[in-house]
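Close look at the chain arrangement
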Amino acid sequence: MATQEKGRKFIVPIGPQHPALKEPGHFEFTVDGEIVTDATVRLGYVHRGIEKATESRSWVQNLYLLERICGICSHIHALAYCLGVEKLAGVTVPPRAQAVRVLVAELERIHSHLLWVGVAAHEAGFDTLFMYSWRDRETVMDLLEALTGNRVNYSANLLGGVKIDVTDEQSDAIWRGLDFLEDRTRHYLDITTSDSVFLRRTRGIGVTTPEQAKRLGLVGPTARASGIWHDLRVDAPYAGYADYPITMIVSDTGDLETRFVVRIKELFESYRVIRHILDTLPDGELVTRVPRRIKAGETISRVEAPRGELFYFIRSNGTDSPERIKVRTPTMCNMASVLALAVGHQLADMPMILVGVDPCFSCNDRTVVVDQGGARGGWTWEQLRQYGIDYYRRQP
Amino acid sequence: MNAESTLTIAAKLIEAWTVETRTPEANRLDVMVDGAHLLEAIRVLVDEGWGYLAAITGLDTSVDSGVMEVLYHFCEGAAVLTLRVSVPRDGASVSSICGIIPAASFYERELREMFGVRVEGMQGPKHLMLPDDWPEGLYPLRKDADLTMKEAEANGDSREG
Amino acid sequence: MIGGAGMANNLEDRWQQALEQVKTWARANSPWAIHFNSGSCNGCDIEILATLTPLYDVERLGIKLQGSPRHADVLLCTGPVTRQARDRLRRVYEQMPEPKFVIAVGSCAISGGAFQGCYNVIGHIDEVIPVDVYVPGCPPRPEAIIDGVAKLLQVLQGTEVTKPL
Ligand code: SF4
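A brief structural summary. Residue positions are given per chain, counting from 1 as you read along its sequence in written order. For this description, chains carry letters from A and ligands carry numbers from 1, given in the order in which they are written. In view of the model being predicted, local features appear only for residues whose pLDDT reaches at least 70, and side-chain atom pairs are presented and counted only at 80 or more, with totals across whole chains, interfaces and linings using the full set of residues. Side-chain calculation: all heavy atoms of the structure are included, whereas hydrogens and water are not.

Quick look at the overall build of chain B now. Strands are runs of DSSP state E lasting at least 2 residues, helices are runs of H or I lasting at least 4, and numbering of each runs from the N terminus. Across its full length, chain B carries four helices and seven strands. Starting at the N terminus and ending at the C terminus, chain B contains elements arranged as α-β-β-α-β-β-β-β-α-β-α. The 161 residues of chain B split such that 51% are buried. Note on contacts: a residue pair is in contact if any heavy atoms of the two residues lie within 4.5 Å. Sequence-distant contacts in chain B: of pairs separated by 6 or more residues, those separated by 24 or more amount to 49%. Partly exposed residues are those whose accessible area sits between 20% and 50% of the maximum for their type, while under 20% is buried and over 50% is exposed, using a 1.4 Å probe and protein chains only.

Attention shifts here to the site of the ligand. Residues are labelled near a given molecule or strand when at least one of their non-hydrogen atoms is within 4 Å of it. By nearness alone, every residue bordering the ligand is listed as A:Arg68, A:Asn153, C:Ser40, C:Cys41, C:Gly43, C:Cys44, C:Gly106, C:Ser107, C:Cys108, C:Gly137, C:Cys138 and C:Pro139. Those chains with residues close to the ligand are chains A and C. Counting only elements with at least two residues in the shell around the ligand, the list comes to helix 2 (43-50) and helix 4 (107-111) of chain C. The nonpolar class holds Ala, Val, Leu, Ile, Met, Phe, Trp, Tyr, Cys and Pro. Asp, Glu, Lys and Arg form the charged class, and all remaining residues, Gly among them, are polar. Of the residues assigned to the shell around the ligand, the class counts are five nonpolar, six polar and one charged.

What follows deals with unusual backbone geometry. Cis geometry is found at the peptide bond from C:Cys138 to C:Pro139, where omega equals -10 degrees. Backbone geometry at A:Asn153 places phi at a positive 50 degrees, although glycine is not the residue there. As for its position among the elements, A:Asn153 is in the loop between helix 5 (127-148) and strand 4 (157-158). Even without being glycine, A:Ala239 reaches a positive phi, approximately 40 degrees. Relative to the elements of secondary structure, A:Ala239 occurs in the loop between helix 10 (232-235) and helix 11 (256-279).

Attention now goes to the sheet that holds strand 6 (residues 297-305) of chain A. All names here are of chain A. The strand order across the open sheet built from three strands is 6-7-8, with neighbouring strands paired in antiparallel fashion. Looking at the sheet topology across the chains shown, the edges are occupied by strand 6 and strand 8 (324-328). The mean inter-strand angle of the sheet, taken between neighbouring strand axes irrespective of direction, is 10 degrees. Where strand 7 (residues 308-316) meets strand 8, five bridges bridge the pair, whose relative direction is antiparallel. Note that in strand 8 the partner of Phe313 across the bridge is Lys326. Structural elements are reduced to axes, namely lines fitted to C-alpha atoms, with helices fitted over the stretch in contact, and the angle between N-to-C directions of any two is expressed from 0 to 180 degrees. Set on the sheet, helix 2 (residues 59-67) makes contact with strand 7 and strand 8; between it and strand 7 the angle comes to about 160 degrees. Pairing between strands is defined by DSSP: at least two bridges between them are needed.

Let us now look at the pattern of salt bridges. What makes a salt bridge here is a side-chain nitrogen of Lys or Arg within 4 Å of a carboxyl oxygen of Asp or Glu, nothing more. Under the definition given, this model contains 37 salt bridges over all chains. In this structure, A:Arg275 engages A:Glu182 in a salt bridge whose closest nitrogen and oxygen atoms are separated by 2.8 Å. Placement of A:Arg275 in helix 11 and of A:Glu182 in helix 6 (residues 168-194) is noted, with a sequence separation of 93 residues between them. Accessibility assignment for this pair places A:Arg275 and A:Glu182 in one class, buried. A:Arg224 is paired through a salt bridge with A:Glu304; the nearest N and O atoms lie 2.9 Å apart. Here A:Arg224 is found in helix 9 (residues 220-224), whereas its partner A:Glu304 is found in strand 6, with 80 residues between them in sequence. The network of salt bridges with common partners includes A:Glu298, A:Arg315, A:Glu323, B:Glu25, B:Arg28, B:Asp30, B:Glu69 and B:Arg84.

Residues and elements named next belong to chain B. Strand order in the open sheet formed by five strands is 1-2-5-4-3, with mixed pairing between adjacent strands. Taken across any chain shown, the strands that pair with only one partner, and hence form the sheet edges, are strand 1 (18-22) and strand 3 (52-59). The mean angle between the axes of side-by-side strands here comes to 25 degrees, regardless of whether they run parallel or antiparallel. In this sheet, strand 5 (residues 79-88) lies alongside strand 2 (residues 28-33) in parallel orientation, the contact comprising five bridges.

What follows covers the nonpolar core. Put simply, a nonpolar core is a bunch of buried Ala, Val, Leu, Ile, Met, Phe, Trp, Tyr and Cys residues held in one set by side-chain atoms that sit within 4.5 Å of each other. Formed by 123 residues in total, the largest nonpolar core has its most connected members in A:Ile76, A:Tyr81, A:Ile110, A:Tyr312 and C:Ile103. With 16 residues, the top contributor of residues to this core is helix 4 (residues 95-123) of chain A. Counting 50 residues, the second largest nonpolar core, distinct from the first, contains A:Leu339, B:Phe106, B:Tyr107 and B:Trp134.

All names here are of chain A. Two elements in contact, helix 4 and helix 5, have axes whose closest approach is 8 Å; the angle formed by their N-to-C orientations is 160 degrees. When the interaxial angle is binned, helix 4 and helix 5 end up roughly antiparallel. As for how helix 4 packs across helix 5, the hand of that crossing is left-handed. Packed against helix 4, whose contacting residues are Leu103, Val104, Leu107, Ile110, His111, Leu114, Leu115, Val117, Gly118, Val119, Ala121 and His122, the element helix 5 presents Asp127, Leu129, Phe130, Ser133, Trp134, Asp136, Arg137, Val140, Met141, Leu143, Leu144 and Leu147 at the interface. Residue composition of the contact of helix 4 with helix 5, grouped by class: 17 nonpolar, four polar and three charged. Just so you know how the angles are binned, under 35 degrees is roughly parallel, over 145 roughly antiparallel, 65 to 115 roughly perpendicular, and the rest oblique. Helix crossings fall into two classes, left-handed where the near helix is turned counterclockwise from the far one by less than a right angle and right-handed where it is turned clockwise.

Here the focus is the packing of aromatic side chains. For any pair of aromatic rings, the description rests on two quantities: the centre-to-centre distance and the angle between the ring planes. Residues and elements named next belong to chain A. Stacked, tilted and edge-to-face are the three classes applied to pairs of Phe, Tyr and Trp rings, where Trp contributes its six-membered ring and a pair requires centres within 6.5 Å; stacked means planes under 30 degrees apart, edge-to-face means over 60, and tilted covers the rest. Counted under the stated rule, the structure contains seven aromatic pairs over all chains. When the ring of Phe126 is compared with that of Phe198, the centres are 5.3 Å apart and the planes differ by 55 degrees; the resulting orientation is tilted. With Phe126 in the loop between helix 4 and helix 5 and Phe198 in helix 7 (residues 196-202), the pair connects residues that are 72 residues apart, well separated along the chain. Each member of the pair Phe126 and Phe198 is classed as buried. Measuring from centroid to centroid gives 6.2 Å for Phe268 and Tyr271, while their planes differ by 85 degrees, and the two rings are edge-to-face. Within this pair, Phe268 and its partner Tyr271 are both found in helix 11, separated by three residues, close to a single helical turn. A single burial state applies to Phe268 and to Tyr271, both of which are buried.

Below, the discussion takes up the environment of B:Thr61. Topologically, B:Thr61 is positioned in the loop between strand 3 and strand 4 (67-76). When residues no more than four places from it in sequence are discounted, the contact partners of B:Thr61 are A:Arg315, A:Glu323 and B:Lys143.

Residue and element names in this part refer to chain B. Among the eight residues in strand 3, seven count as buried, and that is most of the element. In terms of strand pairing, strand 3 meets strand 4 through seven bridges, oriented antiparallel. When the sheet's bridge partners are listed, Tyr52 is paired in strand 4 with Cys75.

As a further point, take the side chain of C:Thr78. Residues and elements named next belong to chain C. Of note, Thr78 is situated in strand 3 (residues 74-78). As used in this structure description, the phrase polar contact means that two N or O atoms lie within 3.5 Å; if the pair is within protein, one of them must be able to donate a hydrogen and the other to accept it, and residues adjacent in sequence are counted only when both atoms belong to side chains. At 3.2 Å, the side chain of Thr78 and the side chain of Asp45 are in polar contact. Here Thr78 is in contact with His35, Phe36, Asn37, Ser38, Gly39, Ser40, Cys44, Asp45, Ile48, Val105 and Ala109, once residues within four sequence places are set aside.

Now the structure itself:
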């Protein structure tokens, strides 16, 4: 590839601290001038050792621990775990509980996608959109709080069901909230596909072809934006999704703009499904009994988290705590694509490419520039971001 | 296509290297393979475009048995095919599948780090998740891992946590 | 500075005085904060971020979230302290200019929360650096975080802790 003239090869480390779940990364981009020629990652700054910890906690305690793997998609972690354990225990969860689970999962998806739209817009230097989307996101946070009692880590699941019910007033409130959000979402779709400045940062950037996406093992909206027909809510409906079907949103352009479009269009699907659930919520129990000891066995539970497929492998040896729980989070898959995509792109695009996969990170980072020639300087994430914004401003 | 028939196709594909199969759930198929033939089996799955690698799980069930297992989960729709390779606890090693599935690199790095399974032919820095000063030869997800060094480090604070 | 109190006998004066106090509070304190995650689940982090957005908008109170520790007065810590993050947490703290203050946000930061006993978690924030304000909750609501900062400011200004209006 690039001719390495007796050159000044720079390594730009970004990170190490991405406030993220299991997968905060420390990236090192090797650059040749403006162009990234190599990228590596080091994870684990927030590695806490949760998988090991599950082995010394009871089945019920683990519910609360696993929910805290990620504060953004907490419900879906708890849900994947519950579905797995219920399968092992051989219990059937009442339909109303399954419907409520889907309801909360979709509300969570709305909050997560809106959050991402904001963060991604921020990285592109479009803070107005960041502020607007987060303002509107508060609507869904209020709904979640009204429903479950907490804004984050809702703890709606129990082994064998859910601990919350949806009253008529709550249902009305959700309807009203969704009407408002739907209106706003249309506006976002319009902005992200028509604002010419913003499009400079997204259109044609970070293109992932379907072949690449498959090879890299992308999941979730990131994969669907690259033409991969893969959504567990459709492929392998879990919880209540069989009764409340979802239409998959797929597009094969594969650039950052498409990732915006796919995620925003998924919001409309979520609104539709939530309304469907509220309209036809089955009556009945909310929870069934699950024994304290779970039958020995192994099971695999896969669910569609806001960021993609979440994979749980659960093994019980018949005691009151699991023998092994393996969690494979979606970002783990998508992170690989960052490394592959980075190569050949401008350094200025790195924040956008990183954020394009929704790597579950939120705010400020620190970076250091190490000139392999010897000199040393400091860069903050903020500076890199600003650099990206200025870079695009300077372009004719 | 339903999960059962998808799995039947997969079972056919890798029949040659199958040591034993199990069907723990309707949508799942567990296939024991010999570590020596792992790459061939995976190569066929990938060439035929059957599913994608969803995860690699290390599994240490008991210290006494002297073996651990490495599970390669492939998914296609609702169907899950798990290739199970058993490795000795001492000198555990499997071949890297990164040549076939580049996306596996994180999973393999995690496997090496958490279980001390050597992954032949794998690239990348030593640590993925654990700190650089992590004790050599301590693999946290092994059942017999002694993780008590925590207290020693906690600045003399020996309260029960 | 708050000074010259005591002469307020009529309502007008008292109103003026209160107004002065509020103004002083707002003027004298535009604390810049930096946020550091030493192993959290992201829940606390998104709530901190939420405080910046229009509904809560801490900038109207003069609080600004800052990227560099060298410019920060207040360190907002979230999460338990993992083995890797410990030194970085110390370093961030040391890089901050005096006077500096630390707010531990969330149960994890206070006690290790749900992650107590995990092998890669060494403990909570105040085992590594001194903490001035604790904000409990899992995660604390944005209001609580803002209240935490406000409490800190009141301590800084030497005024008493929250008087109802
Ligand atoms: S206190 Fe709760 S929300 Fe905050 S980091 Fe800990 S687990 Fe997450």
